[in-house]
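What the coordinates show
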Amino acid sequence: MSWPLVLLITAPVMAGIASLFVRQRRVIEVLQCAQAGAMLAAAALVADRVIADGEVSVGSFLRADALSAWLDLIIGVVGATGTLYAVGYVGEEMNSAHLSLKRYSHFFCLFDLYLAAMLLAVNLENIAIMWIAIEGSTLSAALLIGFDRSKAALEAGWKYIILSSVGIALALFGTILVYYSSEHVLGVSSEALRWSQLYRVAEGLDPSAIKVAFIFALIGYGTKAGVAPMHTWLPDAHAEAPTPVSAMLSANMLTLAVYAILRFKAVTDRTVGPEFSGNLIIGLALLSLAVSSTFILVQRDYKRLFAYSSIEHIGIALLGFGIGGLGVFAGAWHLMNHALAKSTAFFGAGLVFLRHNHKQLDRVTGLLSQMPIAGTAILVSGIALAGMPPFGLFTSEVLIAAGAYRARPETTYVFLALLALAFATLLYQVLRMTLGAPGEAGTALGRQCRIFTGAAVGINIVALGTIGLHVPSGLETLLTSIVKMFGGGMGVSR
Amino acid sequence: MPLLAPHIGSQMVDLGSALLLLTCFAIVAQRRLSACVDLFALQSVFLALTAALVAFLTGIHHIYIAAALTVVIKAVVIPRILKQVIERLNVKRELEMNVNVPTGLLICGALVILAFFITQPIIPLGFLLTRDSLGIALAIVLIGFFTMIARKKAVTQVIGFLVMENGLFLGATAAAYGMPLIVELGIFFDVLVGALIIGIYSHRLQDAFDSVDTTKLTTLKE
């Protein structure tokens, strides 16, 4: 029995259900802070155990290997700072009388269940129950995106739920096909749905069934990861959702969908070799990069700007995983750094929205002197997201370019050209927003809001800076095990 | 000892799957929303009968539970919710569609061929009794997907989604004699909650836009 793993998942469930029944704001705030602390500690403990023992399991139901622990760290840390931020952000909305206490408690209940569903999904041993948990996170996210009930929010929520439902249904078909081929080897039982068993027998599975299954899983979970051309829900949902939710969508949910694709890829690579899944993933990744770096150019809404930047970064990480070998190392590293940086960027963007009540990019200037917390958040995360040192995204992008050059030189040129385009636009916009003289005055934010959001931004920036230039040895152990899961990669003989 | 000769059993399962596919075409051809809901309920009954037949022929008892749940949730509860939505929103007919009915039926015919093309290499892998249903299951999933694209009213898009789910359930039954029970229960729960949430959304859309015509959702564009 491994209690940190159980605590990691049950903490948000309990805090969420309790928030629904408590009718005092102070109690809900304390509950949420306790949840954030518990998640942070539990994620660190789970990662620590996995680094020491290789894996942690609870019966045959939950099992965390290196890849799960990696996602536990990402979702745990960013989920914790997101919870702190939500306490500040939603509290401020409540003070300005947008929200009743009832809706306030509903928000936190949904928010916590959403985090819990994602944390459950990455630790499940059963491939089909993982699907159920991911669908659970989709449904709770749908209610969170439309939470404001404005026309735009409802439209974004509707688009999201329709597209994601289709995607997730296709992913279920992929899951059924994996079961279809594995039950011939493992027998008609739950054993045939366990990841560890699937990896063990993968070489004996039927290649054509696994190929079809992978295509369905890639399209299905790819829709949820915002991979082009199934990305159309993403900018709307990120722009219209309440900002704490936007941050969680971008940092956690897209990462979770990539995780699901990776699990299927690990099985497929063992059955038919890395070329098949690698080629498909590289194609979709380059398309995502092309679409996002073009649309970043024309954005006039700062939340949409960061949303398209998410499509770009998920594309970069997928390119790494598609190349394999060193690319897997860089892709996983990219996912963690992107989650920290992008949530920080949204934290800043949310504060700007609270103060000015509009999302127009060209009306925002001089944030650094007007709103130090939001300004610092957007400046630091913007530099990181553009891919400049001293941050981890620089390291991973260089490594992915190097890996791509070794395996597939022609992709490298496309990759670097698209990267340069996104780099220039993002950096220009971020510098223009943060430096210079402030424009409109807006309404100043309350003290409580500044404390909670400041804490969230502070933790994220410290984490981002600490892992910036070198990979801590514990994390390196995890990354090495993740690379081993995927074998040699493209261009290297099996 | 099986009660029926294997080839008769397999023919009956094929017949059940074919009836499911037929109701898909009927849904694509039908303009009245309440009739679409009825057709979906009928399809769910066919699905439950097919699943019960597989359970009877194979002696795997947990498929009976899944079949019973299909009747309760997909043939009774969800159609009732959808009828209430239709009544409250006062939308009776789908007057304009993105694709007209004859073209839609032709496209669906092409989708069936595509589905059999995709599943052809993997069909020989399956159990003799049900393996031909796998192609039909994928065809139903694709037609459900097409319905979501071709129709404009929120309610018909929901029906498209539910038809996809029916196809998936048939696929799981055909390919693998059903998923393990806990998985089936989880999927049912998700479908029910999903249908409820989509129902809530269409109410809110009606309040905000005075319409459930999703082509009016045009605020968010590049």
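Thresholds applied
Residues numbered from 1 in each chain as written. Chains lettered and ligands numbered in written order. Predicted model: local features only at pLDDT ≥ 70, side-chain atom pairs only at ≥ 80, totals over all residues. Axes fitted to C-alpha atoms, helices over the stretch in contact; angles between N-to-C directions. Helix = DSSP H or I, 4+ residues; strand = E, 2+ residues; numbered from the N terminus. Parallel < 35°, antiparallel > 145°, perpendicular 65-115°, else oblique. Left-handed = near helix turned anticlockwise from the far one by under 90°. Contact = placed C-beta atoms within 7 Å. Nonpolar A, V, L, I, M, F, W, Y, C, P; charged D, E, K, R; others polar. pLDDT = per-residue confidence, 0-100. Expected span 1.5 Å × (residues − 1). Buried ≥ 20, exposed ≤ 12 C-beta atoms within 10 Å, placed from the backbone.

Bringing the packing of helix α3 (residues 66–95) of chain A against helix α19 (residues 473–485) of chain A into the picture now. Relative orientation and spacing of two packed helices are given, respectively, by the angle between their axes and the distance between those axes. Residues and elements named next belong to chain A. Close contact between α3 and α19 brings their axes to 8 Å; oriented N to C, the two are set at 130°. Looking at the two axes, α3 sits oblique to α19. Note on packing geometry: the crossing formed by α3 with α19 is left-handed. In this structure, α3 uses Ala66, Leu67, Ala69 and Trp70 to contact α19, whose residues at the interface are Leu478, Ser481, Ile482 and Met485. In terms of residue class, the contact of α3 with α19 is built from 7 nonpolar, 1 polar and no charged.

Next up on the list: the environment of A:Val380. Residue and element names in this part refer to chain A. Tracing the chain through its elements places Val380 in helix α15 (residues 372–386). When the C-alpha atoms of Val380 and Tyr89 are compared, they prove to be 20 Å apart, with 291 residues separating the residues in sequence. Residues contacting Val380, with those up to four places away along its chain left out, are Thr344 and Ile461.

The next thing to look at is unusual backbone geometry. Residues and elements named next belong to chain A. Residue Pro229 is reached from Ala228 by a cis peptide bond, and omega for that bond is 5°. Considering the arrangement of structural elements, one finds Pro229 in the loop between α8 (207–224) and α9 (233–240). In this structure, Pro390 follows Pro389 across a cis peptide bond, with omega equal to 5°. Phi at Arg149 is positive, roughly 60°, even though this residue is not glycine. As for its placement among the helices and strands, Arg149 is situated in the loop between α5 (127–145) and α6 (151–186). With a phi angle near 60°, Asn357 is a residue other than glycine that sits in the positive phi range. Within the secondary structure, Asn357 sits in the loop between α13 (326–356) and α14 (367–370).

Bringing the interface of chain B and chain A into the picture now. Facing 38 residues of chain B, the contacting portion of chain A comprises 40 residues. Contributions of two or more residues to the side of chain B that touches chain A are made by α5 (133–150), α6 (154–176) and α7 (181–209) of chain B. Considering every element that reaches the side of chain B that touches chain A, the biggest residue donor is α7(B), with 13 residues. Of the residues contributing to the side of chain B that touches chain A, the split by class is 27 nonpolar, 7 polar and 4 charged.

Any region with low pLDDT has predicted coordinates that should not be read closely. Averaged over all residues, the pLDDT of chain B is 84; the fraction at 70 or higher stands at 91%. Among the prediction metrics, the complex's ipTM stands at 0.90, with pTM recorded as 0.93.

We now examine α13(A). Residues and elements named next belong to chain A. Compared with the 45 Å implied by 1.5 Å per residue over 31 residues, the 44 Å span of α13 between its first and last C-alpha is a close match. Most of α13 is tucked away, with 28 of its 31 residues classed as buried. Count one or two residues on from α13 and you reach Asn357, which has phi positive near 60°.

Okay, the packing of α9(A) against helix α12 (residues 302–323) of chain A next. Residue and element names in this part refer to chain A. The contact between α9 and α12 brings their axes to 8 Å, and the two run at 135°. As the angle between them shows, α9 and α12 are arranged oblique. For the pair α9 and α12, the sense of crossing is right-handed. The segment α9 lies against α12, with Leu234, Pro235, His238 and Ala239 engaging Lys303, Arg304, Ala307, Tyr308, Ser310 and Ile311. Across the contact of α9 with α12, the residue classes break down as 6 nonpolar, 2 polar and 2 charged.

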